[in-house]
Amino acid sequence: MNHSHIPVQHFIAQLDRWKEEREQRDLRPEWLRNLISDLAELFDPSEDVARVGFECQLTEEGWEVGLFLSRVEIVGGRFDGKAELCQFSYNLHALRGRFEDVTTFRMTAMPKSDSEDAVSFVELQGKVEQTVVRLKIYSIPPQKAGIGLRRHMNGHCETV
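Since we're looking at a predicted model, the values are computed, not measured.

Asker: Any details on the environment of Ile147? Residues and values, ideally.
Answerer: Structurally, the position occupied by Ile147 is in strand 10 (residues 147-152). Expressed as a C-alpha distance, the spacing of Ile147 and Ala83, which sit 64 residues apart in the sequence, is 7.3 Å. Each residue touching Ile147, except ones within four places of it in the same chain, is listed here: Arg71, Glu73, Ala83 and Val160.

Asker: Tell me about the pairing of strand 10, residues and numbers included.
Answerer: Inspection of the sheet shows strand 4 (residues 71-75) paired to strand 10 by five bridges, in the parallel sense. Paired with Val72 across the strands is Leu149, a residue of strand 10. Pairing geometry for strand 10 and strand 11 (residues 157-159), over three bridges, is antiparallel. Across the sheet, Arg150 pairs through a bridge with Glu158, a residue of strand 11.

Asker: Can you break down the sheet that holds strand 9 (residues 131-138) residue by residue, with the values?
Answerer: Here five strands make up an open sheet; going across it, the order is 2-3-9-8-7 and the pairing mixed. The strands lining the two open edges of the sheet, one partner per strand, are strand 2 (52-58) and strand 7 (100-108). Adjacent strand axes in the sheet meet at a mean angle of 15° when their direction is disregarded. With six bridges connecting them, strand 7 and strand 8 (residues 121-128) associate as antiparallel partners. In the strand pairing of strand 8, Thr108 is matched with Phe121.

Asker: Residue-level account of the side chain of Ser70, with values.
Answerer: Within the secondary structure layout, Ser70 lies in the loop between strand 3 (63-69) and strand 4. Ser70 sits in the buried class, given a relative accessible area of 8%. For Ser70, the contacting residues outside a window of four places in its chain are Arg51, Val52, Gly53, Cys86, Pro141 and Gly148.

Asker: Lay out the packing of aromatic side chains with the relevant residues and their values.
Answerer: Tallied over the full model, the rule gives three aromatic pairs. Ring plane angle 75° and centroid distance 4.8 Å describe the contact between Phe43 and Tyr90, whose orientation is recorded as edge-to-face. On the criterion of sequence distance, the pair formed by Phe43 in strand 1 (residues 43-45) and Tyr90 in strand 6 (residues 88-90) is long-range, its members being 47 residues apart. Residue Phe43 shares its accessibility class with Tyr90, and that shared class is buried. Here the aromatic rings of Phe121 and Tyr138 are separated by 5.7 Å at their centres, their planes lie at 55°, and the arrangement is tilted. In this pair, Phe121 is assigned in strand 8 and Tyr138 in strand 9, connecting sequence segments 17 residues apart.

Asker: How would you summarise the nonpolar core if you had to cite specific residues and measurements?
Answerer: Grouped together as the largest cluster of nonpolar side chains are 24 residues, with contacts concentrated most on Leu39, Leu67 and Phe99. For this core, the secondary-structure elements that each account for two or more residues are helix 2 (30-40), strand 3, helix 3 (92-96), strand 8 and strand 9. Once residues within four sequence positions are removed from consideration, Leu67 is found in contact with Ile36, Leu39, Ala40, Phe43, Val52, Gly53, Phe54, Tyr90, Leu135, Lys136, Ile137 and Tyr138. The next biggest cluster of nonpolar side chains, apart from the first, holds five residues, and it includes Val119, Phe121, Tyr138 and Ile140.

Asker: Tell me about empty space enclosed by the protein, and please be specific about residues and values.
Answerer: Here the structure, examined in full by the defined rule, presents one cavity of 30 Å³ or more. A volume near 40 Å³ is recorded for the largest cavity. Considering the residues around the largest cavity, the lining is formed by Thr59, Glu61, Gly62, Trp63, Glu64, Gln125, Val132, Val133 and Arg134. Counting residues per element, the ones that place at least two in the lining of the largest cavity are strand 3 and strand 9.

Rules and cut-offs
- All residue numbers refer to positions counted from 1 along the written sequence of the respective chain.
- Local features in a predicted model are, by the rule used here, given only for residues with pLDDT of at least 70; side-chain atom pairs are given and counted only at 80 or more, and totals for whole chains, interfaces and linings are based on all residues.
- To get the side-chain values, take all heavy atoms of the structure and skip hydrogens and water.
- Secondary structure elements follow DSSP: runs of H or I of four or more residues count as helices, runs of E of two or more count as strands, with numbering from the N terminus.
- Contact between two residues is taken to exist if any of their heavy atoms lie within 4.5 Å; hydrogens are not considered.
- Between any two strands, pairing holds if DSSP finds at least two bridges.
- To get an axis, fit a line to the C-alpha atoms, keeping to the stretch in contact for a helix; angles then go from 0 to 180 degrees between the N-to-C directions.
- Note on classification: 1.4 Å probe, protein chains only; a residue is buried when its accessible area is under 20% of the maximum for its type, exposed when over 50%, partly exposed between these limits.
- When two rings of Phe, Tyr or Trp (its six-membered ring) have centres within 6.5 Å they constitute a pair, described as stacked for plane angles under 30 degrees, edge-to-face for angles over 60, and tilted for the intermediate range.
- Here the nonpolar core consists of buried residues drawn from Ala, Val, Leu, Ile, Met, Phe, Trp, Tyr and Cys, with membership extended through side-chain atoms lying within 4.5 Å.
- Of the grid points, spaced at 1 Å and generated over the protein atoms alone, those admitting a 1.4 Å probe that cannot get out make up cavities, while open sets with protein on both sides within 12 Å along at least five of seven lines make up pockets; any residue with an atom within 4 Å of a point is treated as lining.
- Grid points are joined across faces, edges and corners, and a volume is the space filled by probe spheres set on the points.

Structure follows, in structure tokens:
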């Protein structure tokens, strides 16, 4: 008798447990998850598609959130394996409307082109749901973020 369905059932059960554990580890309140999703929609990439990445941390003052567009890896052709940065614009007017009691709203430019650390960002600090949120919109992703999308020669993109 063939019992190949048993390992598949165990695998599906394990995936369900992993999903539950991952959701339990996500300590962000629902309003913050919704805010990050809303703020990600304000990116307007120059290319057709881009993947928004974020970092999020609870501090003594409130939540710190960093948003950026992930690098895109070229698959195939003469630039195979090359990681490109995404050009984009960001709707600052709509961003401002998502916060109350804004205390900081500024841009910091680091125009050194010879360094990966030369990142520019827009910073906004205000309140959402009576909680202080410090947001930074980065011009480039942090090195540790890695690749977010792969773009194939035929134009097909896949998330990483």
